[in-house]
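Per-entry structural report
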Amino acid sequence: MNTFVAFVHLLGLVVWLGSVIFFSFFAAPSIFKVLNRQQAGDVIGAIFPKYYGVGYTCAVLTAATALATPGGAGGLRLPFIAIMAACTFYAGLVINPQARALKHQMREAGGEDEALQNKFRSLHGWSVRLNATVLMFGLGLLWITAMGLRL
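Below or above, wherever it landed, is the structure these notes cover. (Residues numbered from 1 in each chain as written. Predicted model: local features only at pLDDT ≥ 70, side-chain atom pairs only at ≥ 80, totals over all residues. Heavy atoms only, no water.)

**Regarding the overall build of the chain**
Assigned secondary structure in the chain consists of four helices and zero strands. Traced from its N-terminal end to its C-terminal end, the chain shows the element sequence α-α-α-α. Each of the three principal axes of the chain carries a C-alpha extent, and together these read 55 × 25 × 20 Å. With 151 residues in all, the chain has 36% of them scored as buried. The contacts of the chain with a sequence gap of at least 6 include a subset with a gap of at least 24, amounting to 75%. Carbon and sulfur atoms provide 70% of the accessible area of the chain, an area that totals close to 9,000 Å². (Helix = DSSP H or I, 4+ residues; strand = E, 2+ residues; numbered from the N terminus. Buried < 20%, exposed > 50% of the residue type's maximum accessible area, 1.4 Å probe, protein only. Contact = heavy atoms within 4.5 Å. Areas by Shrake-Rupley, 256 points an atom, 1.4 Å probe, with all protein chains shown as cover.)

Here's what the structure looks like:
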């Protein structure tokens, strides 16, 4: 049973990290390169619920399996998971809905309202910083986890 818990823990962590890396460095830049800004924003907006859903699932799996493993919640592992989860849930449940609402308001205003654009840029900046935090702490957690492996 311990091997299964360790497997689920690693799976949750690597899928979480992989989704952040793939979305941030491959999917989003490619979408914005190929499509015009509005179309790209629509595609990214359609991806976000699934992207954050993967993050929520992986956060729960990674945390639960860390707690279920003897010594798995020790050291920096649980604080790293908590920071990653907090950033993921905040970005998905707070920042993303606010950004979606602002995009809707911007479209209704014809996209010319500078105050709305500035608010959107600010939210986007927070989203990027939160995503980067998940990535950095995730890589740190992966390193800590790798140090404990016996190959």
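**What about the pattern of salt bridges?**
For side chains bearing opposite charge, pairing can occur when the charged atoms are close. Per the stated rule, a full pass over the model turns up one salt bridge. Across the pair Asp42 and Arg107 runs a salt bridge whose closest N-O atoms are separated by 2.4 Å. Taken together, the residues span a long stretch of sequence, with Asp42 in helix α2 (residues 37–68) and Arg107 in helix α3 (residues 77–108) at a distance of 65 residues. For Asp42, a relative accessible area of 39% translates into the label partly exposed. (Salt bridge = Lys/Arg side-chain N within 4 Å of Asp/Glu carboxyl O.)

**So, the packing of aromatic side chains**
Here the structure, examined in full by the defined rule, presents nine aromatic pairs. Consider the rings of Phe22 and Phe26, whose centres lie 6.2 Å apart with planes at 20°: the pair is stacked. Of this pair, Phe22 and Phe26 both sit in helix α1 (residues 2–34), four residues apart, which is roughly one turn of that helix. Ring geometry for Phe23 and Phe48: centres 5.4 Å apart, planes at 50°, overall tilted. Residue Phe23 is found in helix α1, and its partner Phe48 is found in helix α2; the two are separated by 25 residues along the sequence. You'll find Phe23 and Phe48 in the same group, each marked buried. Ring-pair connections join several aromatic residues into one group, and the members of that group are Phe23, Phe48, Tyr51, Tyr52, Tyr56 and Phe89. (Phe/Tyr/Trp six-rings, centres within 6.5 Å; stacked < 30°, edge-to-face > 60°.)

**Some details on the packing of α1 against helix α4 (residues 114–147)**
Their axes nearest at 10 Å, the elements α1 and α4 cross at an angle of 140°. Like other packed secondary-structure pairs, α1 and α4 cross with a definite hand, here left-handed. Contacts between α1 and α4 involve His9, Leu10, Leu13, Val14, Trp16, Leu17, Val20, Ile21, Ser24 and Phe25 on the former and, on the latter, Asn131, Val134, Leu135, Gly138, Leu139, Leu141, Leu142 and Thr145. Counted by class, the contact of α1 with α4 contains 13 nonpolar, five polar and no charged residues. (Axes fitted to C-alpha atoms, helices over the stretch in contact; angles between N-to-C directions. Left-handed = near helix turned anticlockwise from the far one by under 90°. Nonpolar A, V, L, I, M, F, W, Y, C, P; charged D, E, K, R; others polar.)

**So, the layout of surface pockets**
Left-over empty space is what a probe sized like a water molecule reveals as it rolls over the atoms. Considered as a void within the structure, the largest pocket measures approximately 1,200 Å³ in volume. Lining the largest pocket are 44 residues, and of these Phe32, Ile44, Lys103, Phe120 and His124 sit closest to its centre. Listed by contribution, the elements that provide at least two residues to the lining of the largest pocket are α1, α2, α3 and α4. Here the second largest pocket is characterised by a volume of approximately 270 Å³. Taken together, the elements giving at least two residues each to the lining of the second largest pocket come down to α1 and α4. Here the element with the most residues in the lining of the second largest pocket is α1; it accounts for three residues. Here the residues of the lining of the second largest pocket sort into five nonpolar, six polar and two charged. (1 Å grid on protein atoms, 1.4 Å probe; cavity = no way out; pocket = protein on both sides within 12 Å on 5 of 7 lines; lining within 4 Å. Points joined across faces, edges and corners; volume = space filled by probe spheres on them.)

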